[in-house]
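A look at the structure
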Amino acid sequence: LVVENEATMPGSDKETDLTERIEAFLSDLKRGGSGTGPLRGSAETARETTALLRRITAQARWSSAGDLMEIIRKEGRRMTAAQPSETTVGNMIRRVLKIIREEYARSRGSSEETDQQESLHKLLTSGGLSEENFRQHFAALKANVIEAINELLTELEGTTDNIAMQALEHIHSNEVIMTIGRSRTVEAFLKDAARKRKFHVIVAECAPFCQGHEMATSLSKAGIETTVITDAAIFAVMSRVNKVIIGTQTVLANGGLRAVNGTHTLALAAKHHSTPLIVCAPMFKLSPQFPNEEDTFHKFVSPHEVLPFTEGEILSKVNVHCPVFDYVPPELITLFISNIGGHAPSYIYRLMSELYHPEDHEL
Amino acid sequence: LESLVEYFRAQMRKDPDMASAVAAIRTLLEFLKRDKGETILGLRESLTSATDCLTGVDSSVAVSSGGELFLRFISLTSLEHQDLSRCKKVMEERGELFLEKISMSRAKVAKLCHTFIKDGAKILTHSYSRVVLRVLEKAAAEKKRFSVYVTESQPDAAGRQMAEALRKLNVPVTVVLDAAVGYVLEKVDLVIVGAEGVVESGGIINKIGTYQMAVCSKAHNKPFYVVAESFKFVRLYPLNQQDVPDKFKYKADTLKTVQNLSEEHPMIDYTPPSLITLLFTDLGVLTPSAVSDELIKLYL
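The rules we used
- Residues numbered from 1 in each chain as written.
- Chains lettered and ligands numbered in written order.
- Predicted model: local features only at pLDDT ≥ 70, side-chain atom pairs only at ≥ 80, totals over all residues.
- Heavy atoms only, no water.
- Helix = DSSP H or I, 4+ residues; strand = E, 2+ residues; numbered from the N terminus.
- Buried < 20%, exposed > 50% of the residue type's maximum accessible area, 1.4 Å probe, protein only.
- Contact = heavy atoms within 4.5 Å.
- Domains from an automatic or database assignment.
- Buried area = accessible area lost by both parts, 1.4 Å probe.
- Salt bridge = Lys/Arg side-chain N within 4 Å of Asp/Glu carboxyl O.
- Polar contact = N/O pair within 3.5 Å; in protein donor to acceptor, adjacent residues only side chain to side chain.
- Nonpolar A, V, L, I, M, F, W, Y, C, P; charged D, E, K, R; others polar.
- Pairing = 2+ DSSP bridges.
- Axes fitted to C-alpha atoms, helices over the stretch in contact; angles between N-to-C directions.
- Parallel < 35°, antiparallel > 145°, perpendicular 65-115°, else oblique.
- Phe/Tyr/Trp six-rings, centres within 6.5 Å; stacked < 30°, edge-to-face > 60°.
- Lys NZ or Arg CZ within 6 Å of the ring centre and 35° of its normal.

Thoughts on the environment of A:Pro303
All names here are of chain A. Note that Pro303 resides in the loop between α12 (294-297) and α13 (312-315). For Pro303, a relative accessible area of 27% corresponds to the partly exposed category. Linking Pro303 and Cys322, residues 19 residues apart in sequence, is a C-alpha distance of 5.1 Å. Setting aside residues up to four positions removed in sequence, Pro303 forms contacts with Val320 and Cys322.

Shown next as structure tokens:
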């Protein structure tokens, strides 16, 4: 951790430095959005967003919690607009907003329960229509918020390891595991289990980007017996599979997933054969969105992966699409494994209420 | 007690758009103001008899849930203040506040739900629900183009009333027979219904025919959405249709006059949570498993 020496940087320099970093982050987000392989994994994005928010808290000019929340919301809106499909950015912003609310409530001395969500109980017992406007100034608030953000960063660093530690409970010897594409979380999960158990992994290649190939190479380097299959062979091979373990880009508020294309097919094949589908997803992927926004849900990238530009004759007569994501409904999922343990999809609403405040669902 | 019934009827007549639970709570608040009791226990007893009296007028689940909620409100407030007169003042203030908040709940529900209606959607709904009407109003105000199928909903043909109201909003609407739900579902994109009561399991109690519609939409894989305000949450846990108490199934006059209930047609049915996709309430968008959480927070 680098501690900024505030005495050496005069005020206006600090602000230009801050704006420069925010602009650099935004252009990074806009560029890093191509589907040809994540130039940055979600974990790095989450870490960078949180570090940037910590910098904003430390360097921006604000006098009350309300001001800070406004600044963060404003920057947050710009960041999510730069790359709408990268939901971890929005999730981290909401986490930090909740941290600010909690620290404010703690400074005011009120118990944390009073600041929670709407509930029937609150409706009946609250004394007035008073709106919490966060205008009071507390001297220690800045330090408290920064400390809490540091805790969040430590949590982020440990997520992949925490998930991988649970691998031995779920993977047994001589099992056949199926996965799709490349997920760093699943990779660490399987490698951790391979230290003690011997099992076989089948990787679906996940066309057209074929990230499954990289996953297979990496797993076999760790000594795991791996087989690569095409996406079309998923159903055919499924009868021999014991478990399906996948990663995801986002976990939605109803317990559904937004994962790489091909995952819905995999989930349906698993359901048909009654094979358990396990999703390894760290908490920062949990997003309060529902799958109703057709225009922001999908992302389409250049179709030259599907049909290269060399096939010029066909291109003028045919429409070619290359979607990046798939929606998987919650009924097809058996278990979510996150850094805080295993949960059923119907429990996601509870995790969400612990991580985010309902007023922050819309930034 | 007769003046109470009169007050209740007057409330319902004055604002036909008001939910019956809200009218019941308003009536009970009025009763509280007029009450001359000396003890909290006496107050609770008289409120319980007042609620029974109201359910004798309108036997719907909503009135019963409104009454229970009010009773709970009294208990919670009386725990904080021991002195009866001060307690009553606090209760009256909070009661007015509570009424204000729940009068805004339909607007909150509409705000949450209208984003789920996409442009060009075909919606199926059941019978006449003021909350669904509000949601569709909001969606129409946001310039979404959609068309609606409404079931006729016998025996009182309430669906026609819904169709009339929708025609006034310039929404293309078709009235279908209750028996035609399976037939029409292949054309439909989503199903939205209201609820008279939301039970602990996350299921709903609504006009007869809702269960049928839910089973058919599950078979066709169409999303089944329920819109309900939070004061409709009720502490029942029916396991099947028979478990729903008779006092809710039939109209109040039927219960009083008829000897053999098995020859009467029930007015409501129970839809289990496994058939419901999402519930839109003023407490947020909830999955059916989140409903019991809310109820526990209130009653424990």
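Having put the structure on the table, let's press on.
Quick look at the domain arrangement of chain A
All names here are of chain A. Taken domain by domain, chain A holds domain 1 (13-110 + 136-158) and domain 2 (161-356). The gap between the C-alpha centroids of domain 1 and domain 2 is 28 Å. The interface of domain 1 with domain 2 comprises 23 residues on the first partner and 24 residues on the second. When domain 1 packs against domain 2, close to 1900 Å² is buried across both sides, 52% of that on carbon and sulfur atoms. Our enumeration of links across domain 1 and domain 2 arrives at zero salt bridges. Our count for the contact surface shared by domain 1 and domain 2 stands at nine residue pairs in polar contact (both at pLDDT 80 or more). Broken down by secondary-structure element, the contributors of at least two residues to the side of domain 1 that touches domain 2 are α2 (42-59), α4 (87-108) and α6 (141-165). For the side of domain 1 that touches domain 2, the element with the highest residue contribution is α4, accounting for seven residues. Partitioned by chemical class, the residues of the side of domain 1 that touches domain 2 number six nonpolar, twelve polar and five charged.

Here's the deal with the pattern of salt bridges
All chains considered together, the criterion is met by 28 salt bridges over all chains. Note that A:Glu187 is salt-bridged to A:Lys191, the shortest N-O span being 3.2 Å. Highlighted residues: A:Glu187 and A:Lys191, both in helix α8 (residues 184-194), separated by four residues, approximately one helical turn. Exposure remark for A:Glu187: the relative accessible area of 8% places this residue in the buried category. Between B:Glu30 and B:Arg34 there is a salt bridge, with its nearest N and O atoms 3.3 Å apart. A residue pair is termed a helical-turn pair when its members lie 3 or 4 positions apart in one helix, as B:Glu30 and B:Arg34 do in helix α2 (residues 20-34) at four residues. Bridged by salt links that share partners, the residues A:Glu70, A:Arg73, A:Arg101, A:Glu359 and A:Asp360 form one connected network.

With respect to the sheet that holds strand β8 (residues 268-271) of chain B
All names here are of chain B. Read across the open sheet, the three strands follow the order β5-β6-β8; overall the sheet is antiparallel. Strand pairing shows two members of the sheet lacking a second neighbour, β5 (197-198) and β8, which therefore form its edges. Sheet analysis places strand β6 (residues 204-207) next to β8, joined by four bridges and oriented antiparallel. Residue pairing in the sheet places Lys207 in a bridge with Ile268 of β8.

Describing the packing of helix α3 (residues 65-82) of chain A against α4(A)
Residues and elements named next belong to chain A. For the pair α3 and α4, interaxial distance at closest approach is 10 Å and the crossing angle is 175°. With respect to their mutual orientation, α3 and α4 come out roughly antiparallel. Between α3, through Ala65, Leu68, Met69, Ile72, Arg73, Gly76, Met79 and Thr80, and α4, the contact on the second element is made entirely by Val89, Gly90, Ile93, Val96, Leu97, Ile100, Arg101 and Tyr104.

Description of the packing of aromatic side chains
What the rule picks out here adds up to six aromatic pairs over all chains. Ring centres of B:Phe116 and B:Tyr225 lie 5.6 Å apart, and the angle between their planes is 75°; this geometry places the pair in the edge-to-face category. Of this pair, B:Phe116 sits in the loop between α6 (105-113) and β1 (121-126) while B:Tyr225 sits in strand β7 (residues 224-227); the two residues are 109 residues apart in sequence, bridging distant segments of the chain. Pairing B:Phe116 with B:Phe280 gives two aromatic rings, centres 4.9 Å apart and planes at 75°, and the pair type is edge-to-face. A residue pair is termed long-range when its members are at least 10 positions apart, and B:Phe116 in the loop between α6 and β1 and B:Phe280 in strand β9 (residues 278-281) qualify at 164 residues. B:Phe280 carries the same exposure label as B:Phe116, and that label is buried. An aromatic cluster is defined as three or more aromatic residues linked by ring pairs; in this entry it consists of A:Phe290, B:Phe116, B:Tyr225 and B:Phe280. Geometry around A:Phe325 places A:Arg258 over its ring, the cationic atom sitting 5.3 Å from the centre.

Structural notes on the domain arrangement of chain B
Residue and element names in this part refer to chain B. Here chain B is described as being made up of domain 1 (1-104) and domain 2 (109-299). Taken together, the 23 residues of domain 1 in the interface contact 20 residues of domain 2. When domain 1 packs against domain 2, close to 1700 Å² is buried across both sides, 59% of that on carbon and sulfur atoms. Counting the contacts that link domain 1 with domain 2 gives zero salt bridges. The interface formed by domain 1 and domain 2 holds four residue pairs in polar contact (both at pLDDT 80 or more) in total. The set of elements that each furnish at least two residues to the side of domain 1 that touches domain 2 consists of α2, α3 (40-57) and α4 (61-80). With nine residues, the top contributor of residues to the side of domain 1 that touches domain 2 is α4. Residue composition of the side of domain 1 that touches domain 2, by class: eleven nonpolar, eight polar and four charged.

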